[in-house]
Amino acid sequence: MREYLLTLCVTVAVTYLLTGPVRKFAIAAGAMPEIRARDVHREPTPRLGGIAMFGGLCAGLLFADHLANLNDVFELSNEPRALLSGAALIWLIGVLDDKFEIDALIKLGGQMIAAGVMVVQGLTILWIPVPGVGTVSLTAWQGNLLTVALVVLTINAVNFVDGLDGLAAGMVCITSGAFFMYAYRLWYGYGIESAAPATLFAAILMGMCLGFLPHNMHPARIFMGDSGSMLIGLVLAAGAISITGQVDPDRLGIFVGGERAATHAMLPVFIPLLLPLTITALPVADLLLAIVRRTWRGQSPFAADRGHLHHRLLEIGHSHSRAVLIMYFWSALIAFGTVAYSVHSASMWIVLVIVALSAVGLVLLLLPRFTPRAPRWAESFVPPRYRRRRPARAAITPSPGTPSASYEDEPRVPVGVGVSGANGATAIGGRSRFRERDNAGSAR
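In every chain, residue numbers begin from 1 and rise along the written sequence. Only residues with pLDDT of at least 70 are given local features in this predicted model, and only at 80 or more are side-chain atom pairs given and counted; all residues enter the totals for whole chains, interfaces and linings. The side-chain figures draw on all heavy atoms in the structure; neither hydrogens nor water molecules are used.

Colleague: Just to check I follow, could you spell out the overall build of the protein chain for this structure?
Modeller: Helix numbering and strand numbering both begin at the N terminus, where a helix is a DSSP run of H or I of at least 4 residues and a strand a DSSP run of E of at least 2. Secondary structure assignment for the protein chain yields 16 helices and two strands. The contacts in the protein chain between residues at least 6 apart in sequence include a share of 71% that link residues at least 24 apart. Contact between two residues is taken to exist if any of their heavy atoms lie within 4.5 Å; hydrogens are not considered.

Next up, the structure:
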């Protein structure tokens, strides 16, 4: 565990320190697109944050290669080199897209090529453990096709969810943390060496996201862009493929009593091939809904819009920060709930806790419609939106000897005429502050 933590810290430090210079480079290179209709930020923000994240990935792999225990991952497996090759290719495509806005079909082709590069170097699915049946071996073309499809799906799922400041990096960090716990349990709990690469990938992925988040939280100073979102999506997919398609259930069957029992014990990791990707269930659901929505409207599935889950949270009244935190909550509930269920699948307490937390999540979703108000004595401890509203203007008592100003003393300006003050400012919309009143004193 200590060497994984060291690798995590190195990745965090390198990514964090590189992000500042990368931001200056992105501004100098003109990688600051204009505000689009679907964007939620209000001023141009530089992209290319994926450059810093790729630097963190390279630093993490290089540092791990020089550690005594983690060095075996590089000597006994070709998966780290396969990951680095595919990541470099998808990162280069993302950098070009951040700068030049390349076509969506070209990006899709690049994603398939990057996945194919990893498959050629050995990072592929060899078998699928099916609950109740056992291990089903795949032919070469079946495993390769399934691997490419899984990589492309995960990349686009993460890319689609990257719509708010800190959203994609935080969600991937949460899911990779849960994935690290499960992979580490297989590696050191059951002694399955095939889980070591996936454990390393998850630790490095957490470091990439944690190092980038301080620069990307609302209001973001830099965006990761496609160079970052596609990169972390590929790393996440590589870990899922490594532990799902490379770990032999027969090895696990020695500890849990038979192949079928082993298959059921690993079910939460095999679910990613069936749903797919439990660990990114929220981004995948958003991706599928976007495809259905756009196709139903007669649009291209790659046409951008404002119908994603995070956009809907903003529309119903959530603030930017609260929408991000709600997405974090659901990601953590799904990811860590899956891991907890895989460890204690026979315990009803796990199910009850998940159900209770789901109810809490539903309350948080409906919070804008039922905004609570804090009591008077607690208003100083809560955000302003939870405080009771006070009168807009307090009555001013005139001092003795000073004639009180009445409403009739205010200057009247016809509606539609702009009023310029001493500073040259014009009244908004050309309307006066006061409306004409009739003899009874009622507004017209």
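Colleague: What should I look at first to understand helix 2 (residues 50–65) in this one?
Modeller: Since one α-helical turn is 3.6 residues long, residues separated by three or four positions face the same way. Spanning 16 residues, helix 2 covers 22 Å between terminal C-alpha atoms, matching the ideal 22 Å at 1.5 Å per step. A 1.4 Å probe rolled over the protein chains alone gives each residue an accessible area, and that area as a share of the maximum for its type sets the label: buried under 20%, exposed over 50%, partly exposed in between. Taken together, the buried positions of helix 2 are G50, A52, M53, F54, G55, G56, L57, A59, G60, L61 and A64. Expected helix span is given by 1.5 Å per residue-to-residue step, counting one fewer step than there are residues.

Colleague: Please clarify how unusual backbone geometry should be interpreted in this entry.
Modeller: What is expected of a backbone is that most residues other than glycine have negative phi and most peptide bonds are trans. One non-glycine residue, L48, lies in the positive phi region at around 65°. By the element assignment, L48 lies in the loop between helix 1 (2–29) and helix 2. What makes L48 buried here is its relative accessible area of 3%.

Colleague: Explain the pattern of salt bridges here, please?
Modeller: A pair can form between side chains of opposite charge whenever their charged atoms are brought close. Any carboxyl oxygen of Asp or Glu within 4 Å of a side-chain nitrogen of Lys or Arg constitutes a salt bridge here. Within the structure shown, the criterion is met by four salt bridges. Residue R47 is joined to D98 by a salt bridge in which the shortest nitrogen-to-oxygen separation is 4.0 Å. Of this pair, R47 sits in the loop between helix 1 and helix 2 while D98 sits in helix 4 (residues 79–100), and the two are 51 residues apart along the sequence. For the residue pair R47 and D98, the accessibility class agrees, reading buried in each case. When the shortest N-O distance is used, the salt bridge between D97 and K107 registers 3.6 Å. Of this pair, D97 sits in helix 4 while K107 is found in helix 5 (residues 104–120), placing the two residues ten residues apart along the sequence. Classification of D97 as buried rests on a relative accessible area of 3%. The exposure class of K107 is buried, given its relative accessible area of 14%. Through salt bridges with shared partners, a single network forms among R47, D98 and E101.

Colleague: Got a minute to help me understand the side chain of T19 in this structure?
Modeller: Examined against the element boundaries, T19 turns out to sit in helix 1. For T19, a relative accessible area of 0% translates into the label buried. Among residues more than four places away in sequence, those in contact with T19 are A52, G211, F212, H215 and I222.

Colleague: Is there a simple way to think about the packing of helix 2 against helix 4 in this case?
Modeller: Think of two packed helices as two axes; the pair is described by the angle between the axes and how far apart they sit. In this analysis, axes come from line fits to C-alpha atoms, helices being fitted only over the stretch in contact, and the angle between any two N-to-C directions falls in the range 0 to 180 degrees. The N-to-C vectors of helix 2 and helix 4 enclose an angle of 170°; their axes lie 11 Å apart at closest approach. Here helix 4 runs roughly antiparallel to helix 2, going by the angle between their axes. Here helix 2 and helix 4 pass one another in a crossing that is left-handed. Judged by residue contacts, G50, I51, F54, L57, C58 and L61 of helix 2 engage P80, L84, A87, A88, W91 and V95 from helix 4. When its residues are assigned to classes, the contact of helix 2 with helix 4 shows eleven nonpolar, one polar and no charged. What sets the label is the angle itself: under 35 degrees gives roughly parallel, over 145 gives roughly antiparallel, 65 to 115 gives roughly perpendicular, and the rest give oblique. With the far helix as reference, a near helix turned anticlockwise by less than a right angle produces a left-handed crossing, and one turned clockwise produces a right-handed crossing. Classification convention: Asp, Glu, Lys, Arg as charged; Ala, Val, Leu, Ile, Met, Phe, Trp, Tyr, Cys, Pro as nonpolar; all other residues, Gly among them, as polar.

Colleague: Hey, could you run me through a nonpolar patch on the surface in this one?
Modeller: Together, Y341, M348, W349, V351, L352 and V355 give the surface a local cluster of nonpolar side chains, amounting to about 640 Å² of exposed area. Here the nonpolar patch gets five residues from one element, more than from any other, and that element is helix 16 (residues 348–365). Structurally, W349 is set in helix 16. What makes a patch is a set of residues exposed beyond 30% relative accessible area and free of salt bridges, joined within 9 Å when like-charged and within 5 Å when nonpolar (Val, Leu, Ile, Met, Phe, Trp, Tyr). Per-residue and other accessible areas follow the Shrake-Rupley method at a 1.4 Å probe size, with only the shown protein chains counted as cover for residues.

Colleague: Would you take a moment to explain the packing of aromatic side chains for this structure?
Modeller: Here a ring pair, both rings aromatic, is described through the centre-centre distance and the interplanar angle of the planes. What counts as a ring pair is set by centres within 6.5 Å for rings of Phe, Tyr and Trp (its six-membered ring), and what kind of pair is set by the plane angle: stacked under 30 degrees, edge-to-face over 60, tilted for all other angles. Within this structure, the stated rule accounts for five aromatic pairs. Ring geometry for F54 versus W91: centroids 4.5 Å apart, planes at 10°, classification stacked. One end of the pair, F54, is in helix 2; the other, W91, is in helix 4, and 37 residues separate them in sequence. We classify F54 as buried; its relative accessible area is 12%. Here a set of aromatic residues connected by ring pairs shows up, and it is made of Y4, F180 and Y184.

Colleague: Would you mind going over the packing of helix 1 against helix 2 with me for this structure?
Modeller: Two elements in contact, helix 1 and helix 2, have axes whose closest approach is 7 Å; the angle formed by their N-to-C orientations is 150°. Comparing their axes, helix 2 and helix 1 come out roughly antiparallel. You can see that helix 1 and helix 2 cross each other, and the crossing is right-handed. Contact with helix 1, carried on its side by L6, T7, V10, T11, V14, T15, L18, T19, V22 and F25, involves I51, A52, M53, G55, G56, L57, A59, G60, F63 and A64 of helix 2 and no other residues of that element. For the contact of helix 1 with helix 2, the class distribution of residues is 13 nonpolar, seven polar and no charged.

Colleague: Is there a simple way to think about the side chain of N71 in this case?
Modeller: Position of N71 relative to the elements: it lies in helix 3 (residues 71–76). By relative accessible area, N71 is classed as buried at 18%. If we ignore the near neighbours within four places in the chain, the residues touching N71 are A64 and D65.

Colleague: Would you mind showing me how to read the layout of surface pockets here?
Modeller: Here the idea is plain: a probe the size of a water molecule rolls over the atoms and shows the empty space left. Taken as a whole, the second largest pocket spans an internal volume of roughly 310 Å³. Lining the second largest pocket we find 18 residues, and of these L76, S77, E193, A196 and P197 sit closest to its centre. Looking at the lining of the second largest pocket, the elements with two or more residues in it are helix 3, helix 7 (167–189) and helix 8 (196–216). Ranked by residue count, the leading element in the lining of the second largest pocket is helix 3, at three residues. Partitioned by chemical class, the residues of the lining of the second largest pocket number eight nonpolar, seven polar and three charged. Points on a 1 Å grid, built from protein atoms alone, make a cavity when a 1.4 Å probe fits but cannot get out and make a pocket when they are open with protein on both sides within 12 Å along at least 5 of 7 lines; residues with an atom within 4 Å of a point are the lining residues. Grid points are joined across faces, edges and corners, and a volume is the space filled by probe spheres set on the points.

Colleague: Please explain the environment of S331 as it appears in this structure.
Modeller: Following the sequence through the fold, S331 ends up in helix 15 (residues 320–343). Given the relative accessible area of 4%, S331 is considered buried. The spatial distance from the C-alpha of S331 to the C-alpha of G170 is 9.3 Å, given a sequence separation of 161 residues.

Colleague: Whenever I open this one, the environment of G110 confuses me. Can you help?
Modeller: Position of G110 among the secondary structure elements: in helix 5. The buried category is assigned to G110, whose relative accessible area is 6%. C-alpha of G110 to C-alpha of L92: the two residues are 18 residues apart in sequence and 9.6 Å apart in space. When residues no more than four places from it in sequence are discounted, the contact partners of G110 are I90 and I93.

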